Amino acid sequence: MTIIEQSRFLAMGAHYGINHKRKYTGEPYFQHLENVAKIVAFNGGTDEMIAAAYLHDILEDTKFPPSSLFQIIGERVFDMVLALTDLQTPENGNREKRKRSERDKLALASKEVQTIKLADLIDNTETIVSRDPNFAVVYMSEKRLLLQVLVSGDPILWKIANEQVEKYYRKSPTTP
(Lines give C-alpha, C1' and ligand atoms only; values in the text may rest on other atoms or scores of the structure.)
Protein backbone atom coordinates (compact mmCIF):
# COMPACT_ATOMS: atom_id res chain seq x y z
CA MET A 1 0.00 0.00 0.00
CA THR A 2 1.40 3.42 -0.95
CA ILE A 3 1.65 6.31 1.51
CA ILE A 4 -1.20 8.01 -0.35
CA GLU A 5 -3.46 4.95 -0.15
CA GLN A 6 -2.57 4.43 3.49
CA SER A 7 -3.27 8.06 4.37
CA ARG A 8 -6.53 8.10 2.43
CA PHE A 9 -7.64 4.95 4.25
CA LEU A 10 -6.67 6.38 7.67
CA ALA A 11 -8.45 9.68 7.02
CA MET A 12 -11.54 7.96 5.70
CA GLY A 13 -11.74 5.64 8.70
CA ALA A 14 -11.08 8.36 11.27
CA HIS A 15 -13.62 10.82 9.89
CA TYR A 16 -16.32 8.30 8.93
CA GLY A 17 -15.75 6.65 12.31
CA ILE A 18 -17.07 9.74 14.08
CA ASN A 19 -19.70 10.42 11.40
CA HIS A 20 -17.95 13.71 10.67
CA LYS A 21 -19.98 15.91 8.30
CA ARG A 22 -19.16 19.18 6.56
CA LYS A 23 -20.77 22.02 8.44
CA TYR A 24 -22.72 23.65 5.63
CA THR A 25 -23.44 20.83 3.23
CA GLY A 26 -23.96 17.83 5.49
CA GLU A 27 -21.84 15.73 3.14
CA PRO A 28 -19.24 13.39 4.65
CA TYR A 29 -16.25 15.43 5.81
CA PHE A 30 -13.99 13.05 3.95
CA GLN A 31 -15.12 14.75 0.71
CA HIS A 32 -13.26 17.90 1.81
CA LEU A 33 -10.11 15.85 2.41
CA GLU A 34 -10.48 14.21 -0.99
CA ASN A 35 -10.89 17.65 -2.62
CA VAL A 36 -7.80 19.06 -0.92
CA ALA A 37 -5.71 16.02 -1.85
CA LYS A 38 -6.86 16.28 -5.48
CA ILE A 39 -5.96 19.97 -5.64
CA VAL A 40 -2.50 19.22 -4.24
CA ALA A 41 -2.01 16.28 -6.63
CA PHE A 42 -3.20 18.25 -9.67
CA ASN A 43 -0.68 20.96 -8.86
CA GLY A 44 2.28 18.62 -8.71
CA GLY A 45 2.34 17.74 -5.03
CA THR A 46 4.61 14.94 -3.91
CA ASP A 47 3.23 11.68 -2.53
CA GLU A 48 4.02 12.93 0.98
CA MET A 49 2.14 16.19 0.36
CA ILE A 50 -0.90 14.34 -0.97
CA ALA A 51 -0.79 12.03 2.05
CA ALA A 52 -0.62 15.03 4.40
CA ALA A 53 -3.50 16.67 2.53
CA TYR A 54 -5.67 13.64 3.33
CA LEU A 55 -4.63 13.77 6.97
CA HIS A 56 -4.49 17.52 7.55
CA ASP A 57 -7.51 17.54 9.91
CA ILE A 58 -7.14 14.14 11.56
CA LEU A 59 -5.46 15.38 14.76
CA GLU A 60 -7.65 18.46 15.01
CA ASP A 61 -11.03 16.84 14.39
CA THR A 62 -10.77 13.20 15.47
CA LYS A 63 -9.39 11.32 18.42
CA PHE A 64 -6.75 9.55 16.35
CA PRO A 65 -3.68 9.24 18.61
CA PRO A 66 -0.72 11.33 17.38
CA SER A 67 1.77 8.64 18.39
CA SER A 68 -0.08 6.04 16.32
CA LEU A 69 -0.24 8.39 13.35
CA PHE A 70 3.50 8.99 13.58
CA GLN A 71 4.20 5.24 13.70
CA ILE A 72 1.99 4.57 10.68
CA ILE A 73 2.93 7.42 8.34
CA GLY A 74 6.43 8.32 9.45
CA GLU A 75 8.16 11.53 10.42
CA ARG A 76 7.99 13.48 7.14
CA VAL A 77 4.21 13.27 6.63
CA PHE A 78 3.55 13.53 10.36
CA ASP A 79 5.53 16.79 10.54
CA MET A 80 3.44 18.25 7.71
CA VAL A 81 0.20 17.15 9.38
CA LEU A 82 1.32 18.65 12.67
CA ALA A 83 2.23 21.93 10.96
CA LEU A 84 -1.28 22.03 9.44
CA THR A 85 -3.04 21.22 12.71
CA ASP A 86 -4.64 24.16 14.48
CA LEU A 87 -3.61 23.64 18.08
CA GLN A 88 -5.29 26.81 19.32
CA THR A 89 -8.16 26.63 21.80
CA PRO A 90 -10.30 29.35 23.37
CA GLU A 91 -7.97 29.20 26.37
CA ASN A 92 -5.27 30.68 24.10
CA GLY A 93 -7.23 33.93 23.72
CA ASN A 94 -9.89 35.41 21.50
CA ARG A 95 -10.32 34.38 17.86
CA GLU A 96 -8.17 37.21 16.53
CA LYS A 97 -5.27 36.25 18.81
CA ARG A 98 -5.62 32.53 17.96
CA LYS A 99 -5.69 33.22 14.21
CA ARG A 100 -2.64 35.48 14.50
CA SER A 101 -0.78 32.68 16.28
CA GLU A 102 -1.73 30.20 13.54
CA ARG A 103 -0.60 32.69 10.86
CA ASP A 104 2.73 33.08 12.63
CA LYS A 105 3.13 29.30 12.70
CA LEU A 106 2.22 28.89 9.03
CA ALA A 107 4.54 31.76 8.02
CA LEU A 108 7.44 29.57 9.16
CA ALA A 109 6.09 26.41 7.52
CA SER A 110 7.64 24.74 4.50
CA LYS A 111 6.47 25.49 0.98
CA GLU A 112 4.87 22.03 0.96
CA VAL A 113 2.79 22.79 4.05
CA GLN A 114 1.84 26.21 2.72
CA THR A 115 0.73 24.62 -0.55
CA ILE A 116 -1.54 22.18 1.28
CA LYS A 117 -2.99 25.05 3.34
CA LEU A 118 -3.72 26.98 0.14
CA ALA A 119 -5.59 23.95 -1.24
CA ASP A 120 -7.54 23.75 2.03
CA LEU A 121 -8.50 27.43 1.83
CA ILE A 122 -9.56 27.10 -1.81
CA ASP A 123 -11.85 24.19 -1.05
CA ASN A 124 -13.40 25.82 2.04
CA THR A 125 -14.04 29.25 0.56
CA GLU A 126 -16.85 28.58 -1.89
CA THR A 127 -18.94 26.71 0.67
CA ILE A 128 -18.48 29.30 3.39
CA VAL A 129 -19.20 32.26 1.12
CA SER A 130 -22.31 30.69 -0.39
CA ARG A 131 -23.74 29.08 2.75
CA ASP A 132 -22.84 31.46 5.59
CA PRO A 133 -22.55 35.08 4.43
CA ASN A 134 -22.25 36.36 8.01
CA PHE A 135 -19.28 34.14 8.84
CA ALA A 136 -17.84 34.76 5.36
CA VAL A 137 -17.11 38.35 6.40
CA VAL A 138 -14.87 37.06 9.21
CA TYR A 139 -13.43 34.14 7.24
CA MET A 140 -12.48 36.18 4.18
CA SER A 141 -10.80 38.83 6.31
CA GLU A 142 -8.79 36.09 8.04
CA LYS A 143 -8.00 34.46 4.69
CA ARG A 144 -6.75 37.75 3.27
CA LEU A 145 -4.31 38.05 6.19
CA LEU A 146 -3.28 34.40 5.91
CA LEU A 147 -2.45 34.78 2.23
CA GLN A 148 0.12 37.40 3.21
CA VAL A 149 2.18 34.67 4.90
CA LEU A 150 1.52 31.76 2.52
CA VAL A 151 3.81 33.27 -0.13
CA SER A 152 6.12 30.24 -0.25
CA GLY A 153 3.30 27.92 -1.30
CA ASP A 154 2.47 26.96 -4.87
CA PRO A 155 2.13 30.23 -6.83
CA ILE A 156 -0.80 28.98 -8.91
CA LEU A 157 -2.75 27.96 -5.81
CA TRP A 158 -1.87 31.25 -4.12
CA LYS A 159 -3.22 33.11 -7.15
CA ILE A 160 -6.46 31.09 -7.13
CA ALA A 161 -6.93 31.67 -3.39
CA ASN A 162 -6.20 35.38 -3.78
CA GLU A 163 -8.64 35.64 -6.70
CA GLN A 164 -11.33 34.12 -4.46
CA VAL A 165 -10.66 36.87 -1.91
CA GLU A 166 -10.64 39.64 -4.50
CA LYS A 167 -13.82 38.35 -6.13
CA TYR A 168 -15.52 38.28 -2.74
CA TYR A 169 -14.53 41.86 -1.95
CA ARG A 170 -15.58 43.06 -5.43
CA LYS A 171 -19.04 41.53 -4.88
CA SER A 172 -19.29 42.75 -1.26
CA PRO A 173 -17.97 46.32 -1.26
CA THR A 174 -19.34 46.98 2.23
CA THR A 175 -17.18 44.30 3.85
CA PRO A 176 -13.92 45.31 5.51
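Reference entry: report on the structure contained in this document. (Residues numbered from 1 in each chain as written. Predicted model: local features only at pLDDT ≥ 70, side-chain atom pairs only at ≥ 80, totals over all residues. Heavy atoms only, no water.)

With that out of the way, let us pick up the environment of Ile122. The topology assignment puts Ile122 in helix H8 (residues 111-131). Sequence spacing of Ile122 and Pro133 is 11 residues, and the spatial spacing of their C-alpha atoms is 16 Å. (Helix = DSSP H or I, 4+ residues; strand = E, 2+ residues; numbered from the N terminus.)

Another point: the packing of helix H1 (residues 3-17) against helix H3 (residues 47-55). Taken N-terminus to C-terminus, the directions of H1 and H3 make an angle of 0°; their axes are 8 Å apart at the nearest point. Between H1 and H3, the interaxial angle falls into the category roughly parallel. Listed contacts from H3 to Ile3, Ile4, Ser7, Arg8, Leu10 and Ala11 of H1 are Asp47, Ile50, Ala51, Tyr54 and Leu55. The class makeup of the residues in the contact of H1 with H3 is eight nonpolar, one polar and two charged. (Axes fitted to C-alpha atoms, helices over the stretch in contact; angles between N-to-C directions. Parallel < 35°, antiparallel > 145°, perpendicular 65-115°, else oblique. Contact = heavy atoms within 4.5 Å. Nonpolar A, V, L, I, M, F, W, Y, C, P; charged D, E, K, R; others polar.)

For the structure on display, the rule yields five aromatic pairs. Judged by centre distance (6.0 Å) and plane angle (10°), the ring pair of Phe30 and Tyr54 falls under stacked. With Phe30 in helix H2 (residues 30-42) and Tyr54 in helix H3, this residue pair connects regions lying 24 residues apart in the sequence. Here Phe30 matches Tyr54 in class, with each residue buried. Note on Phe135 and Tyr139: the rings are 6.1 Å apart at their centroids and 40° apart in plane angle, and the pair reads as tilted. Separated by four residues within a single helix, Phe135 and Tyr139 lie in helix H9 (residues 133-147), roughly one turn from each other. Through successive ring pairs, a cluster of aromatic residues spans Tyr16, Phe30 and Tyr54. Sitting over the face of the ring of Phe135, Lys23 holds its NZ or CZ atom 5.9 Å from the ring centroid. Positioned above the aromatic ring of Tyr169 is the side chain of Arg144, whose terminal nitrogen or guanidinium carbon lies 3.8 Å from the ring centre. (Phe/Tyr/Trp six-rings, centres within 6.5 Å; stacked < 30°, edge-to-face > 60°. Buried < 20%, exposed > 50% of the residue type's maximum accessible area, 1.4 Å probe, protein only. Lys NZ or Arg CZ within 6 Å of the ring centre and 35° of its normal.)

Turning to the environment of Ile50, a few remarks are in order. Note that Ile50 resides in helix H3. Remark: the alpha-carbon pair of Ile50 and Ser7, spanning 43 residues in sequence, is separated by 8.6 Å.

Relative to the helices and strands, Glu166 is located in helix H10 (residues 155-171). Sequence spacing of Glu166 and Ala53 is 113 residues, and the spatial spacing of their C-alpha atoms is 25 Å.

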